[in-house]
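Residue-level structural notes
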Amino acid sequence: MKETILVVGATGMLGMPVARQLQKDGYHVRVLARNPDSAKTKLGDSFEYFKGDVEDPASLEDAVDGCYGVHINLRGGPKAEDFYRIEYGGTANIAKVAASKGVRRLTYLSGAATFEENAWFPMVKAKLQSEKAIRDSGVPYTIFCATHFMESLPLAVKGKRAMVIGKQPHRLHWLASSDYAKMVSKAFQLSEAGNKRLFIYGPETYTMLEAMNTYCKIVHPEVKVTSVPIWLLSLIGKVSFNPEIQLIADLMGFFEKAGEGGDPSEANALLGAPTTTLEQWCAKQRGGA
Ligand SMILES: NC(=O)c1ccc[n+]([C@@H]2O[C@H](COP(=O)([O-])OP(=O)(O)OC[C@H]3O[C@@H](n4cnc5c(N)ncnc54)[C@H](OP(=O)(O)O)[C@@H]3O)[C@@H](O)[C@H]2O)c1
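Residues numbered from 1 in each chain as written. Predicted model: local features only at pLDDT ≥ 70, side-chain atom pairs only at ≥ 80, totals over all residues. Heavy atoms only, no water.

1. Some points on the packing of helix α1 (residues 16–24) against helix α6 (residues 177–189)
Following both chains from N to C, one finds α1 and α6 inclined at 50 degrees, their axes separated by 8 Å at the closest point. One finds that α1 runs oblique with respect to α6. In this structure, the crossing between α1 and α6 has a hand that is right-handed. For the pair formed by α1 and α6, the contact residues are Pro17, Val18, Gln21 and Leu22 on the first element and Ser177, Tyr180, Ala181, Lys182, Val184, Ser185 and Phe188 on the second. Residues of the contact of α1 with α6, tallied by class, amount to seven nonpolar, three polar and one charged. (Axes fitted to C-alpha atoms, helices over the stretch in contact; angles between N-to-C directions. Helix = DSSP H or I, 4+ residues; strand = E, 2+ residues; numbered from the N terminus. Parallel < 35°, antiparallel > 145°, perpendicular 65-115°, else oblique. Left-handed = near helix turned anticlockwise from the far one by under 90°. Contact = heavy atoms within 4.5 Å. Nonpolar A, V, L, I, M, F, W, Y, C, P; charged D, E, K, R; others polar.)

2. Remarks on the site of the ligand
Lining the immediate environment of the ligand, one finds 21 residues, of which Thr11, Arg34, Leu74, Arg75 and Lys127 sit closest. Backbone polar atom of Gly12 to an oxygen atom of the ligand: 3.0 Å apart, as the coordinates give it. The backbone of Phe149 places a nitrogen or oxygen atom 2.9 Å from an oxygen atom of the ligand. Within the complex, the protein chains bury 81% of what would otherwise be the 930 Å² of accessible surface of the ligand. (Near = heavy atom within 4 Å. Polar contact = N/O pair within 3.5 Å; in protein donor to acceptor, adjacent residues only side chain to side chain. Areas by Shrake-Rupley, 256 points an atom, 1.4 Å probe, with all protein chains shown as cover.)

3. Topic: helix α2 (residues 36–43)
Of the positions making up α2, those classed as buried are Pro36, Ala39 and Leu43. With its buried residues spanning 60 degrees around the axis, α2 presents them on a single face. Among the exposed residues of α2, those oriented more than 90 degrees off its buried face are Asp37 and Thr41. Check the buried side of α2 and you find it contacts α1, β2 (28–33) and β3 (48–51). (Buried < 20%, exposed > 50% of the residue type's maximum accessible area, 1.4 Å probe, protein only. Arc of directions from axis to C-beta.)

4. Some words on the nonpolar core
If you look at the biggest cluster of nonpolar residues, it comprises 39 residues, and the most contacted ones within it are Trp174, Met212, Tyr215, Cys216 and Leu278. Elements with a minimum of two residues in this core: α5 (122–137), β8 (161–165), α7 (208–219), β10 (224–228), α8 (230–239), α9 (243–258) and α11 (278–288). With seven residues, the single largest contributor to this core is α7. Ignoring anything within four residues of it in the chain, the contact list for Leu278 reads Met150, Leu153, Glu204, Tyr206, Ala211 and Thr214. Residues Ala39, Tyr49, Tyr180 and Ala187 belong to the second largest nonpolar core, which totals 34 residues. (Core = buried A, V, L, I, M, F, W, Y, C linked by side-chain atoms within 4.5 Å.)

5. A few points about the sheet that holds strand β7 (residues 157–158)
Pairing in this open sheet of three strands is mixed, and the strands run β7-β8-β10 from one edge to the other. At either end of the open sheet lies a strand with only one pairing partner, and these are β7 and β10. Sheet topology note: the β7/β8 ladder contains two bridges and is antiparallel. If you follow Lys158 over to β8, its bridge partner there is Arg161. Contacts from α7 reach β7, β8 and β10 within the one sheet, and its direction differs from that of β8 by about 165 degrees. (Pairing = 2+ DSSP bridges.)

6. Let's talk about the packing of α7 against α11
Interaxial distance between α7 and α11 falls to 9 Å at its minimum, and their mutual angle equals 35 degrees. You can see that α7 and α11 cross each other, and the crossing is right-handed. Here α7 contributes Ala211, Thr214, Tyr215, Ile218 and Val219 to the contact with α11, which in turn contributes Leu278, Glu279, Trp281, Cys282, Ala283, Gln285 and Arg286.

7. Here's the deal with the environment of Phe255
Checked against the element boundaries, Phe255 lands in helix α9. Separated by 86 residues in sequence, Phe255 and Pro169 have C-alpha atoms that sit 9.5 Å apart. Residues in contact with Phe255, not counting those within four places in the same chain, are His148, Gln168, His170 and Met208.

8. Some remarks on the packing of aromatic side chains
Following the criterion strictly, the structure yields nine aromatic pairs and no others. Members of the aromatic cluster, connected to one another through ring pairs, are Trp120, Phe121, Phe254 and Phe255. The lysine or arginine in question, Lys2, covers the ring of Tyr27, its NZ or CZ lying 5.1 Å from the ring centre. Taking NZ or CZ as reference, Arg197 lies 5.9 Å from the ring centre of Phe115, over its face. (Phe/Tyr/Trp six-rings, centres within 6.5 Å; stacked < 30°, edge-to-face > 60°. Lys NZ or Arg CZ within 6 Å of the ring centre and 35° of its normal.)

9. Brief notes about the pairing of β3
Relative to β3, β2 is paired through four bridges, and the arrangement is parallel. Looking at the pairing, Val31 lines up with Tyr49 of β3. A crossover links β2 with its parallel partner β3, the connecting element being α2, and its sense is right-handed. (Right-handed = clockwise from strand over helix to strand, strands pointing away.)

10. Examining the pattern of salt bridges
This structure, assessed with the given rule, holds eleven salt bridges. Two residues, Lys101 and Asp65, come together in a salt bridge whose shortest N-O distance is 3.8 Å. Residue Lys101 is found in the loop between α4 (80–100) and β5 (105–109), and its partner Asp65 is found in the loop between α3 (61–64) and β4 (69–72); the two are separated by 36 residues along the sequence. With its nearest N and O atoms 4.0 Å apart, the salt bridge here joins Glu131 to Arg135. Taken together, the positions of Glu131 and Arg135, both in helix α5 and four residues apart, correspond to about one turn of that helix. (Salt bridge = Lys/Arg side-chain N within 4 Å of Asp/Glu carboxyl O.)

Next up, the structure:
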């Protein structure tokens, strides 16, 4: 049995594959959850569960105590203040507790567009502040600036329609969460991965429309892919007072401008380059459906 790692946000879409990979690689994995019973229903009996909320530092103490590492997978929003409160405030609380308990490695999922010039967008500002809180804690860290995950494609399918919002001209290196999870696990095993900010890209590029067409052709041939202007989704969000819809419109407006930045070569050399192609990933989804 290797050391103990706490995963914060293990019930999340991108936290769960990391928790499972760490366990597969022999770590003892703890899960911090606001509702441990529902987390257990989702993840199964093989993890050790701790009840806690990242907004309440005292509730993190027991879960962090005795851990070699902590992995942070948090999502803020939908409103700007929620990004600061949950993702930044929560990360800062964990980093402080981790430092006080002598944790040896913090890993954190940031984004491939997390740059100062994009700090006008609340999600990016919260991620930049989270990264700073981690660096300031003094705990050796590995920050994962990951690009768009293939796992986000199914989220755009509603019934017999899939929506691509906006023109989305950038070619993106779509990433499978299983490849990313292996890289996170490896980062805990390598001292050279300490105090690094790494860009994580998949092996091929597709625009959002190309990726969605590929996904639907292989997994949901009955689904029609349509393009929706950002202004229309934003209007629907406003008139329906739905902050989640408004956030998706804002996010898509941001992605259309920002694309992805950074260079993945250091991450690939240290942790092994992602290999899963979009077609391979889609074929697996079809098999699992
Ligand atoms: N989708 C992409 O392509 C992509 C690309 C790069 C980066 N990212 C980043 O990936 C991150 C994670 O995304 P995701 O899809 O995994 O999000 P998600 O599915 O919404 O998961 C978020 C997790 O945070 C936990 N959480 C929220 N508030 C909490 C609190 N107060 N205390 C403790 N736990 C709390 C949730 O636990 P509960 O079970 O309690 O709700 C859940 O496990 C986001 O920051 C996103 O920006 C995404």
